[in-house]
Amino acid sequence: MPESDPAAAADSLPRDFHTTRWSLVLQAGGVGTPASAGALETLCRAYWAPLHAYVRRRGYGPEEARDLTQSFFAMVLAKDFFGEADRARGKFRSFLLGSLHHFLLNEWDKARRLKRGGGQIIVSLDERDAEDRYLHEPMDHLSPEKCFDRRWAETVLDRVLARLRGEYEKAGHGERFERCKPWLVGGETEGSYAEVAAQLGLEETGVRTLVHRLRRRFRELTRAEIAETVSGPAEVDEEIRALFHALSG
């Protein structure tokens, strides 16, 4: 493989936890600042689909689930909700889901005035995509909590794949990524190395090397993404196990 291969040239991932979801939470707590607005939008985009799936699984219809999810984030903004968040609480997804559960139990009536159709829209999101994914991936056997975990895991992997794709496209190797992506998200097919080698104009050994490097970088980026959602390094492996368990359910 050429030395310009992005998986081979990627810098080692930082092992500190300075740029994390918890850091975004603290930024989002600074209501009224440009940093808080950007941090809140990032959190909304990352967690809209998992929270929407949880609300839908609780028995709410599409429009009400959309409004509830939007109102939850509006409440977060209006009440400086993240201003008192404590990273010591542990996993961010657990903190967020517990907060939504509390909101559904106690805050919905108070938050009606913040409904999406009644005034404040905090960020433009592809709500239809979230609903389409919910309908096309029925999870009737899952509890609302497990439905949230499943969508959270899918969201994490979507973000990882998007970042990895971006690295290869930036290096001019987007086709290599697309041809080899099935080894990251599915099983191997006998003889497929040779087929991909012919498509890319590489030796079969070159494709095997490429897949090896893709897998390694995929693991690195997955760990980095997970690291952003927990309170310390010791929880990363546990959360990765939870991620793949959620996907297998």
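First things first, this report covers the structure right here in the doc. Counting restarts for each chain, with residues numbered from 1 along the sequence as it is written. Under the rules for a predicted model, residues below a pLDDT of 70 receive no local features and side-chain atom pairs below 80 are neither given nor counted, while totals for whole chains, interfaces and linings still include all residues. Note: side-chain values were computed over all heavy atoms of the structure, leaving out hydrogens and water.

Topic: the overall build of the protein chain
Secondary structure summary: the protein chain contains 13 helices and zero strands in total. In DSSP terms, a helix is any run of H or I states spanning at least four residues, a strand is any run of E spanning at least two, and both are numbered starting from the N terminus. Starting at the N terminus, the α and β elements of the protein chain follow one another as α-α-α-α-α-α-α-α-α-α-α-α-α. Between buried and exposed lies partly exposed: a residue is buried under 20% and exposed over 50% of the maximum accessible area for its type, with that area taken using a 1.4 Å probe on protein chains only. Per-residue burial over the protein chain gives 47% buried out of 249 residues. The contact definition used throughout considers only heavy atoms, calling two residues in contact when any of these lie within 4.5 Å. Counting only contacts in the protein chain whose residues sit at least 6 apart along the sequence, the fraction spanning at least 24 positions is 73%. Note on areas: Shrake-Rupley with a 1.4 Å probe; residue coverage comes only from the protein chains shown. Of the roughly 12900 Å² that the protein chain leaves accessible, carbon and sulfur atoms contribute 48%.

So, the nonpolar core
Counting 50 residues, the largest nonpolar core has Leu 51, Phe 72, Leu 100, Leu 164, Cys 180 and Leu 214 as the members making the most contacts within it. It is helix α8 (residues 144-170) that contributes the most residues to this core, nine residues altogether. If we ignore the near neighbours within four places in the chain, the residues touching Leu 51 are Thr 69, Phe 72, Phe 73, Leu 96, Leu 100 and Phe 148. For the purposes of this section, nonpolar cores are sets of buried Ala, Val, Leu, Ile, Met, Phe, Trp, Tyr and Cys residues that join through side-chain atoms within 4.5 Å.

Some details on the pattern of salt bridges
Criterion for a salt bridge: a side-chain nitrogen of Lys or Arg within 4 Å of a carboxyl oxygen of Asp or Glu. Applying the stated rule across the entire model yields 13 salt bridges. Bridged by salt links that share partners, the residues Arg 93, Asp 149 and Glu 239 form one connected network.

Some details on the packing of aromatic side chains
Here the aromatic set is Phe, Tyr and Trp, taking the six-membered ring for Trp, and pairing holds for ring centres within 6.5 Å; pairs whose planes are under 30 degrees apart are stacked, those over 60 apart are edge-to-face, and all others are tilted. A full pass over the atoms with the stated rule returns three aromatic pairs. With centroids separated by 6.3 Å and ring planes inclined at 40 degrees, the aromatic side chains of Tyr 168 and Phe 177 adopt a geometry described as tilted. With 4.7 Å between their ring centres and 10 degrees between their planes, Trp 183 and Tyr 193 make a pair best called stacked. Of this pair, Trp 183 sits in helix α10 (residues 182-185) while Tyr 193 sits in helix α11 (residues 192-200), placing them 10 residues apart in sequence. When its relative accessible area of 10% is taken as the criterion, Tyr 193 is described as buried. The ring of Trp 152 carries the charged tip of Arg 93 above its face, separated from the ring centre by 4.3 Å. The rule is short: NZ of Lys or CZ of Arg within 6 Å of the ring centre and within 35 degrees of the ring normal puts a charge over the ring.

What is shown is where atoms sit, not what they do.
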